[in-house]
Amino acid sequence: MERAFRLRTVGLLSLIFTYVFFLNYLPPFKRVHIPFDLEGYHYPLVNYAFQALREGRFPEWDAAQYCGISLVGNTQVALFYPPLWIIFAANAGREALSYQSLQDLVLAHVWLAFMLCYGWLRYKRLAELPSALGAGVFAFSGYMMLQLQHLGLVIGYAWMPLGLWSIDQATEEQSWRPLWKLTLGSAMCFLGGYTPTWLVFAVCMLAYAAWRWKALLGTALALAASLAIAMVQILPTMEALSLKAPEMKYGSGVNAPGYYLSYLAPNYFDFGLHVPVGANPGRDYVYLGAPGLFGLLYLLRRRGWRDVGPLLALLAATAFVATNPFGIVSQVIGHSTLLSQLVRDWYFLAGLTLAAAPLAALGLNDYLRQTRPPGRVWVAYITLVLLGGWSVRGLIIARPAGPGPPAGLGSVMEAAVMLVLFALAVYVLRAQRGVLRTYLAASLLATVAVDYHIHGTSKRFNAVGGQVSGALARNSFVGIDDAVYRQVRAQPHYRVAVDRHPFPYELRLHGMRTPQGFDPLLTVPYRKLIDSLGSFQTDRDFDIDSANRDGLRLLGVRYFVTYERAPQYSRLSNDPAFRLLEPSQSYYKVFEFQNARPSYGWVDQDLNRSARVTGWSPERRAFIVRSDTGGRFGLSEQFFPGWHATIDGIPARIERWSGVFQAIRVPPGEHRVEFDFRSRGLRVGATVSLAALIGLWCLVRRSRRGTAKRSRLAEYAAG
């Protein structure tokens, strides 16, 4: 009965702890939303997949950008991550995916990170309060908060404690069966959408298990098994990457001493909500919070270090990769094409927080285990008042319309005051018993949550004031007149180019296709083609030259979206080949290329040739074509592995057209021509993943039977 009460109390406190942090994100407040990549990149991708499912097809091809790329091969969609399908189901009656539901998925994983870390620390036999505070360091401190806009990073980070929990359990029970949890956590991390984070996950697990060779071997096998489960994503991704140019993404290492000031002072480099985005380049927010700092400082007094050895190994391994001492890591990575694309120096800072959280919890647990004689009650009440006053002050300054937390030396003082208050609270807590101790613990948790809230949701890179913009609707386009927008949408066989703004990925939300985009799956052949038709602004973003008429016809461009200060506006206004669509009083102006060619047709124009569309979806294009002499019929979609063509139901060989697109040779007469995209890697990978899941399920059942048998034997021995 007492245990059940304690569990209910801890569960309630953890929910309060989490909700206080997300006060501005969740109903009924919702004063801010998560901006940037979650809103601009991840949401359009996930919503595109949701729209495909609403239409009754499985989303394999992304026709919205770069003249088509593989969607099923894009890991950042997280298409095979099971919780994503929960929000798909929750939005079943909607025309478009709710952005709030995607935001809720991110926040749910922050809560999952907290609960998994709490469960792991409790398994390590730490008390409830140190476990909750240590889990707060892991889930609510700077690294996680900085990544709220990156769906795959939040997902992968959240599952890390489950892997460490599994290793501890396997070591204690001298059995490999508990490692099924590591396999599950690793697979979920991989399917969550960001492969570099999975690599951090794998390094953390191997470093943690390195002290015991059997555990190390079991960990390596469990990670390999998780890749078998993830084959449904891995094989399509390998197909897509076969056309991508390798990129060295590691960097030079995070080794500037000033960078690490933010672990101690949360806003030393001003990241306030109202500070310009370009301020403080090369600085990030990685604040550990008062529990992390106090626990780590007290841990230095510990005499026995045997039980923290694996955590120190984890800390050392990830710090080594993150800091790149003497350039060793970058030299090793440079010899591997695969590692050069997967390893990122900055992401290994996740391992520092993953190690710091349990180390801080161990220090707090050591401190709180030391009993003191009962203290004066009035001291406890004064502490409660101080904690409450500091929390109220924090909630006032953390409002989106509030002044925000201080920066520079003011941030140092802010962190110092919080650390002193925290030290006072845990000092008084040790001498209290009964209800007053519970009140102190609850107040301490609330104050810590408010501290994370102040320095988390008041950061410009994870919070933007107000509700999410109305541009997410599919029946209008903010900045374009509705009549013009409907005219463009009525021509789905043509593409739309943009003149710097709006960003190309916004077109995806509104059912339009573009030859531009912003995605790491930009292929080598397509980049070579664009180099001759436009100019690159970044390694992924480029402009289309409106004066290159042949290039526009090749890409199937009919519309140009521009604005009065855009680079090509004047040229488009004075070019007789373009017509300004009316009404044109909106911010964005849309010009129609009057000699446009759809994104399909006969490669060699001839009056005696024709083509009529009979089926048009991203994965399937069907036509009735007729010619007197035959010839090549082309489709201006990138030729990826997985495209197949038929003529009257008979397979036809696809040739490369212009080095990028696809064409087939059609004989004279009238014929049915179809182009279909079916990823072979998806089908083979799904088979492997299904077999691996069945094997994992059998292992779990066997593990449960073994646990039940041991429990019965223990009861029998005790009886």
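Reading the values: rules and limits
Residues numbered from 1 in each chain as written. Predicted model: local features only at pLDDT ≥ 70, side-chain atom pairs only at ≥ 80, totals over all residues. Heavy atoms only, no water. Helix = DSSP H or I, 4+ residues; strand = E, 2+ residues; numbered from the N terminus. Rg over C-alpha atoms; globule rule 2.2 N^0.38 Å. Buried < 20%, exposed > 50% of the residue type's maximum accessible area, 1.4 Å probe, protein only. Contact = heavy atoms within 4.5 Å. Areas by Shrake-Rupley, 256 points an atom, 1.4 Å probe, with all protein chains shown as cover. Lys, Arg positive; Asp, Glu negative; His and termini not counted. Charge placed at Lys NZ, Arg CZ, Asp CG, Glu CD. Axes fitted to C-alpha atoms, helices over the stretch in contact; angles between N-to-C directions. Parallel < 35°, antiparallel > 145°, perpendicular 65-115°, else oblique. Left-handed = near helix turned anticlockwise from the far one by under 90°. Nonpolar A, V, L, I, M, F, W, Y, C, P; charged D, E, K, R; others polar. Phe/Tyr/Trp six-rings, centres within 6.5 Å; stacked < 30°, edge-to-face > 60°. Lys NZ or Arg CZ within 6 Å of the ring centre and 35° of its normal. Pairing = 2+ DSSP bridges. Expected span 1.5 Å × (residues − 1).

Caption draft 1: Layout of the overall build of the protein. Across its full length, the protein carries 26 helices and 19 strands. Against the globule reference of 27 Å for 719 residues, the protein gives a C-alpha radius of gyration of 29 Å, in line with a compact fold. Its C-alpha atoms put the protein at 100 × 60 × 55 Å along the principal axes. Across the 719 residues in the protein, those meeting the buried criterion constitute 58%. In the protein, of all internal contacts separated by at least 6 residues, the share reaching a separation of at least 24 is 74%. With an accessible surface of roughly 29,800 Å², the protein has 61% of that area assigned to carbon and sulfur atoms. The positive charge centre, built from 71 side chains, and the negative charge centre, built from 47, are 11 Å apart in the protein.

Caption draft 2: Focus on the packing of helix H4 (residues 99-123) against helix H7 (residues 151-158). With their axes 8 Å apart at the nearest point, H4 and H7 run at an angle of 20° to one another. Looking at the two axes, H4 sits roughly parallel to H7. Between H4 and H7 the crossing geometry is left-handed. Contacts from Leu 102, Leu 105, Val 106, His 109, Val 110, Leu 112, Ala 113 and Leu 116 in H4 reach Leu 151, Val 154, Ile 155 and Ala 158 in H7. For the contact of H4 with H7, a count of residues per class yields 11 nonpolar, 1 polar and no charged.

Caption draft 3: Quick peek at the environment of Leu 384. Mapped onto the secondary structure, Leu 384 falls in helix H18 (residues 377-397). Residue Leu 384 is classed as buried on the basis of its relative accessible area of 19%. For the pair Leu 384 and Leu 509, spaced 125 residues apart in sequence, the C-alpha separation works out to 50 Å.

Caption draft 4: Representation of the packing of aromatic side chains. In total, this model carries 47 aromatic pairs according to the counting rule given. Ring geometry for Tyr 569 versus Phe 591: centroids 6.1 Å apart, planes at 70°, classification edge-to-face. On the criterion of sequence distance, the pair formed by Tyr 569 in helix H25 (residues 569-574) and Phe 591 in strand S10 (residues 589-593) is long-range, its members being 22 residues apart. By the ring-pair criterion, three or more aromatic residues cluster together here, those being Phe 138, Tyr 143, Tyr 157, Tyr 194, Trp 346 and Tyr 347. Seen from the ring of Tyr 285, Lys 459 lies directly overhead, with NZ or CZ sitting 4.9 Å from the centre.

Caption draft 5: Molecular detail of the sheet that holds S10. Overall, mixed pairing links the 4 strands, which are arranged S5-S8-S10-S9 in an open sheet. Every interior strand has two partners, whereas the edge strands, strand S5 (495-498) and strand S9 (578-580), have only one. Within this sheet the neighbouring strands show an average axis-to-axis angle of 30°, counted without direction. The pairing of strand S8 (residues 557-562) with S10 spans 4 bridges and is classified as antiparallel. By the bridge assignment, Tyr 559 is partnered in S10 with Glu 592.

Caption draft 6: Seen up close, unusual backbone geometry. Between His 501 and the following residue, Pro 502, the backbone shows a cis peptide bond with an omega angle of -5°. Residue position: Pro 502 is located in the loop between S5 and helix H22 (504-509). With an omega of 0°, the peptide bond between Glu 582 and Pro 583 qualifies as cis. Mapped onto the fold, Pro 583 is located in the loop between S9 and S10. Despite not being glycine, Tyr 66 shows a phi value in the positive range, around 50°. As for its placement among the helices and strands, Tyr 66 is situated in the loop between strand S2 (61-62) and strand S3 (69-70). Classification of Tyr 66 as buried rests on a relative accessible area of 0%. The phi angle at Asn 324 is positive, at roughly 55°, despite the residue not being glycine. Looking at the element boundaries, Asn 324 is found in the loop between helix H14 (309-323) and helix H15 (328-333).

Caption draft 7: Representation of the sheet that holds strand S17 (residues 655-657) in the model. A sheet is described by the order of its strands in space; here 4 strands give the open sequence S11-S14-S18-S17, paired in antiparallel fashion. Since the sheet does not close on itself, it has two edges, and those belong to strand S11 (600-602) and S17, each with one partner. The sheet shows a mean angle of 35° between the axes of neighbouring strands, taken without regard to direction.

Caption draft 8: Focus on H14. When the terminal C-alpha atoms of H14 are compared, their 21 Å separation across 15 residues agrees well with the 21 Å that a helix rising 1.5 Å per residue should span. When H14 is considered as a whole, its buried residues turn out to be Gly 309, Pro 310, Leu 311, Ala 313, Leu 314, Thr 318, Val 321 and Ala 322.

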